[in-house]
Amino acid sequence: MSESQTPMTLGRRAAAEFLGTAFLLATVVGSGIMGERLAGGNVAIALLANALATGAALIALIATFGPISGAHFNPLVTLSALALKETDGRATGVYLAAQVSGAVMGVIAAHFMFELPLVMASAHVRTGVHQWWSEIVASFGLLTMILHVARNKPDMVPATVGAYITAAYWFTASTSFANPAVTIARALTDTFSGIRPGDAPGFILAQLVGAALAVIVFRWFYDKKVIEAQPTAVD
């Protein structure tokens, strides 16, 4: 049996989710540290470096691990798959555990590379209705892109997600976390990309709202009853 035919057990898929999410957070945190150190106090340059590195890493990671686990790297994607009955409760729980633990490990890896304490509670304030609204918008947009592109042009998912997140770093006030595992892990870094632990629950709740809205809209677009009820064009 060739490697491409090797059955992907839940354990293998969970390992892919762990590794992919770990590399994602190492990129987010590490590029934030490097960008801030090299930007000489110019926050715009630091954010640009952070955004470009994250977007590029997402393209590479999704292309790498997509054939193994679907490359969720995000509880919102996994929960959306559950809501759409594309996975079951057991797989969902395993994926969520792999994503959160991988995200934390990615932060630890980035800290070690830059000679920082392995875990640091962030003091970076990110809270308030405008920040929460930003996370609703960011999460709705991300899940909308993923659900629709995965259905219609699956080969475009890596580039789509990478491009969207790069843009969303800049057009959202929150810099588009759009991922509960990322939010939890970023509460453990007192660096450029951090978020105060006390602010994380508000972000996560907003992300869940945005993802739920995306699933509702997706279902509406592809509701067979609605499509079949539409009148056909007559030449």
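In case you missed it, the structure is sitting above this.
It should be emphasised that the depicted structure is a prediction, and the values quoted were computed from it without experimental measurement.

Chemist: Could you clarify how one ought to interpret the overall build of the protein chain in this entry?
Modeler: The helix and strand inventory of the protein chain stands at nine helices and zero strands. Listed N to C, the secondary structure of the protein chain is α-α-α-α-α-α-α-α-α in terms of helices and strands. Scaling as 2.2 N^0.38, a compact globule of 235 residues should have a C-alpha radius of gyration of about 18 Å, and the protein chain matches this with 18 Å. Taken over the C-alpha atoms alone, the protein chain extends approximately 65 × 50 × 30 Å along its principal axes. Residue burial in the protein chain is summarised as follows: out of 235 residues, 47% are buried. If you take every contact in the protein chain between residues at least 6 apart in sequence, the share linking residues at least 24 apart comes to 76%.

Chemist: So what exactly am I meant to see when it comes to the packing of aromatic side chains here?
Modeler: Remark: the centre distance and the inter-plane angle together describe each pair of aromatic rings, the angle taken between the planes. For the structure shown, the criterion picks out five aromatic pairs. Relative to Tyr222, the ring of Phe218 lies with its centre 5.0 Å away and its plane at 55 degrees, an arrangement referred to as tilted. A centroid spacing of 5.2 Å and a plane angle of 65 degrees characterise the contact between Trp220 and Phe221, whose relative ring orientation is edge-to-face. Of the residues examined, Trp220 reaches a relative accessible area of 54% and is grouped as exposed. Owing to a relative accessible area of 46%, Phe221 belongs among the partly exposed residues under this scheme. A cation sits over an aromatic face here: Arg151 above Tyr222, 3.8 Å from the ring centre. Directly above the ring of Phe177 sits Arg186, whose terminal nitrogen or CZ lies 3.6 Å from the centroid.

Chemist: Looking at this model, I keep getting lost on the nonpolar core. Mind explaining?
Modeler: Looking at soluble globular proteins, one finds that nonpolar side chains tend to be buried together. Within the largest apolar cluster, 41 residues are counted, with the highest numbers of intra-cluster contacts made by Leu24, Leu25, Leu142 and Val161. With eight residues, the top contributor of residues to this core is helix H2 (residues 43-69). Residues contacting Val161, with those up to four places away along its chain left out, are Leu58, Ile62, Leu142 and Ile146.

Chemist: Would you mind going over the environment of Tyr222 with me for this structure?
Modeler: Relative to the helices and strands, Tyr222 is located in the loop between helix H8 (200-221) and helix H9 (224-229). Sequence separation between Tyr222 and Glu36 is 186 residues, and the spatial gap between their C-alpha atoms is 44 Å.

Chemist: When you look at helix H4 (residues 89-113) in this model, what are you seeing that I'm missing?
Modeler: One full turn of an α-helix is made of 3.6 residues, so residues set three or four places apart face in the same direction. Here H4 spans 36 Å end to end across 25 residues, near enough to the 36 Å set by a 1.5 Å rise per residue. The set of residues buried in H4 consists of Ala91, Thr92, Tyr95, Ala98, Gln99, Gly102, Ala103, Gly106, Val107, Ala110 and His111. If you follow the buried residues of H4, they end up packed against helix H1 (10-38), H2, helix H3 (75-83) and helix H7 (180-186). Where H4 begins, one side-chain oxygen reaches toward the backbone nitrogen of Arg90, 3.3 Å away; that side chain belongs to Asp88.

What counts, and where the lines are drawn
- For every chain, the first residue of the written sequence is number 1, and numbering continues from 1 onward in sequence order.
- The predicted origin of the model limits local features to residues at a pLDDT of at least 70 and limits the giving and counting of side-chain atom pairs to 80 or more, whereas totals for whole chains, interfaces and linings rest on all residues.
- Side-chain numbers here rest on the full set of heavy atoms in the structure, without hydrogens or water.
- Every helix listed is a DSSP run of H or I at least four residues long, and every strand listed is a run of E at least two residues long, numbered separately from the N terminus.
- All radius of gyration figures rest on C-alpha atoms, and the globule criterion is 2.2 Å times the number of residues raised to 0.38.
- Here the term buried applies to any residue with accessible area under 20% of the maximum for its type, exposed to any over 50%, and partly exposed to those in between, with areas from a 1.4 Å probe on protein chains only.
- Any two residues having at least one pair of non-hydrogen atoms within 4.5 Å are treated as being in contact.
- A pair of Phe, Tyr and Trp rings is counted when the ring centres sit within 6.5 Å of each other, with Trp represented by its six-membered ring. The angle between the planes then sorts it: under 30 degrees is stacked, over 60 is edge-to-face, the rest tilted.
- In this scheme, the term charge over a ring applies when either NZ of a lysine or CZ of an arginine sits within 6 Å of the ring centre and within 35 degrees of the ring normal.
- Residues belong to a common nonpolar core when they are buried Ala, Val, Leu, Ile, Met, Phe, Trp, Tyr or Cys residues joined through side-chain atoms within 4.5 Å.
- In this scheme, a helix's expected span is set at 1.5 Å multiplied by one less than its residue total.
- In protein, a polar contact means a hydrogen-donor-capable atom and an acceptor-capable atom, both N or O and within 3.5 Å, with residues adjacent in sequence counting only if both atoms are side-chain atoms; elsewhere, any N or O pair within 3.5 Å suffices.

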